[in-house]
Amino acid sequence: MKNRYSLLFLVLSCTMFAQNYRFVYEYKMKSDIDNKDSQVIDYMNLDSDGKKSYFYNAVKYERILFIRQIKILIYCLRVKIMTEA
């Protein structure tokens, strides 16, 4: 019986603490061919969990997270106002 609980604990801890990897790439391009000094630098993220990979712009991802947080805050404030009324 004790071995079963130990095995269950081991399996649960392995699944809960599975490793995800994030690689950050620096992406450089020249925006103007005539002007050699004009260079645009962008950062791209590659997230991988071993099964799926996602490649996206780091700044765009941060903006999306910020917008989601604002929407959640607005929703919570509306719910609070509606429950108080």
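Residues numbered from 1 in each chain as written. Predicted model: local features only at pLDDT ≥ 70, side-chain atom pairs only at ≥ 80, totals over all residues. Heavy atoms only, no water.

Draft legend 1. Inspection of the overall build of the protein at higher detail. The helix and strand tally for the protein stands at two helices and three strands. Across the 85 residues that make up the protein, the buried fraction comes to 9%. (Helix = DSSP H or I, 4+ residues; strand = E, 2+ residues; numbered from the N terminus. Buried < 20%, exposed > 50% of the residue type's maximum accessible area, 1.4 Å probe, protein only.)

Draft legend 2. Structural view of the pairing of strand β2 (residues 39-48). Bridge count between strand β1 (residues 21-30) and β2: 10 bridges; the pairing is antiparallel. Paired with M29 across the bridge in β2 is V40. Between β2 and the antiparallel strand that follows it, strand β3 (residues 53-57), lie four residues; G50 among them carries a positive phi value of about 100°. (Pairing = 2+ DSSP bridges.)

Draft legend 3. Expanded view of helix α2 (residues 58-84). With 27 residues, α2 extends 39 Å from end C-alpha to end C-alpha; this agrees with the ideal 39 Å at 1.5 Å per step. You can read the cap of α2 off the contacts: a side-chain oxygen lies 2.9 Å from the backbone nitrogen of V59, and it is on N57. (Expected span 1.5 Å × (residues − 1). Polar contact = N/O pair within 3.5 Å; in protein donor to acceptor, adjacent residues only side chain to side chain.)

Draft legend 4. Spatial organisation of the sheet that holds β3. Reading across from one edge, β1-β2-β3 is the order of the three strands in this open sheet, with antiparallel pairing throughout. A single partner strand is all that each edge strand has here, and the edge strands are β1 and β3. Averaged over all adjacent pairs, the angle separating strand axes in this sheet is 25°, with direction ignored. With respect to the sheet, α2 is in contact with β1, β2 and β3, its orientation differing from that of β3 by roughly 90°. (Axes fitted to C-alpha atoms, helices over the stretch in contact; angles between N-to-C directions. Contact = heavy atoms within 4.5 Å.)

Draft legend 5. Examining the pattern of salt bridges more closely. Taken as a whole and assessed by the stated rule, the structure comprises two salt bridges. A salt bridge links R22 to D47, with the nearest nitrogen and oxygen atoms 2.7 Å apart. Here D47 lies in strand β2 and R22 lies in strand β1, a separation of 25 residues in the sequence. A residue is classified by how much of its surface remains accessible, and D47, at 17% relative accessible area, is buried. (Salt bridge = Lys/Arg side-chain N within 4 Å of Asp/Glu carboxyl O.)

Draft legend 6. Representation of the side chain of S38 within the structure. If you trace the backbone, S38 turns up in the loop between β1 and β2. According to the relative accessible area criterion, S38 is buried, its value standing at 15%. A distance of 3.3 Å separates a polar atom in the side chain of S38 from the backbone nitrogen of D32. Among the polar contacts listed, one links the side chain of S38 to the backbone oxygen of N35, at a separation of 3.0 Å. Once residues lying within four places of it in the same chain are set aside, the contact partners of S38 are M29, K30, S31 and D32.

All we've got here are geometric facts, nothing functional implied.
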